[in-house]
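Examining the three-dimensional arrangement
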Amino acid sequence: MEKSKTYVCRKLFLYNLLTERGFVPFRVAPDKYNCRHTIWLYSNSPELEAVVEEYYANKPTGI
């Protein structure tokens, strides 16, 4: 299975972490599942995947 070249971020806390780490989304759009929410699209990379894995490993419960 080929890895996706695009990472879709739907969580504001994750978006904030990615921004703090210097990642910039190439597109911002409304979420097709909930038009009141926003999604951020990033070019996938090993560095981005590492930050996402770190986020989910350390994510507080209830968020």
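Up top is the structure these notes are about.
A short tour of the structure in this document, coming up.

Scoring rules and cut-offs
- Residues numbered from 1 in each chain as written.
- Predicted model: local features only at pLDDT ≥ 70, side-chain atom pairs only at ≥ 80, totals over all residues.
- Heavy atoms only, no water.
- Helix = DSSP H or I, 4+ residues; strand = E, 2+ residues; numbered from the N terminus.
- Expected span 1.5 Å × (residues − 1).
- Buried < 20%, exposed > 50% of the residue type's maximum accessible area, 1.4 Å probe, protein only.
- Arc of directions from axis to C-beta.
- Contact = heavy atoms within 4.5 Å.
- Polar contact = N/O pair within 3.5 Å; in protein donor to acceptor, adjacent residues only side chain to side chain.

Digging into helix H2 (residues 46-58)
For H2, spanning 13 residues, the distance from its first C-alpha to its last is 18 Å, which sits close to the expected 18 Å at 1.5 Å a residue. Turning to H2, its buried residues number three or more, namely Leu48, Val51, Val52 and Tyr55. In an axial view of H2, the angular spread of the buried residues amounts to 100°, which keeps them on one side of the axis. The outward face of H2, more than 90 degrees from its buried face, is lined by the exposed residues Pro46, Glu47, Glu53, Ala57 and Asn58. Contacts from the buried residues of H2 go to strand E1 (6-9), helix H1 (12-20) and strand E3 (38-43).

Description of the side chain of aspartate 31
Topologically, aspartate 31 is positioned in the loop between strand E2 (27-30) and E3. A polar contact of 2.8 Å, which involves the side chain of aspartate 31, links it to the backbone nitrogen of tyrosine 33. Setting aside chain neighbours within four positions, we find aspartate 31 in contact with Arg10, His37, Thr38 and Ile39.

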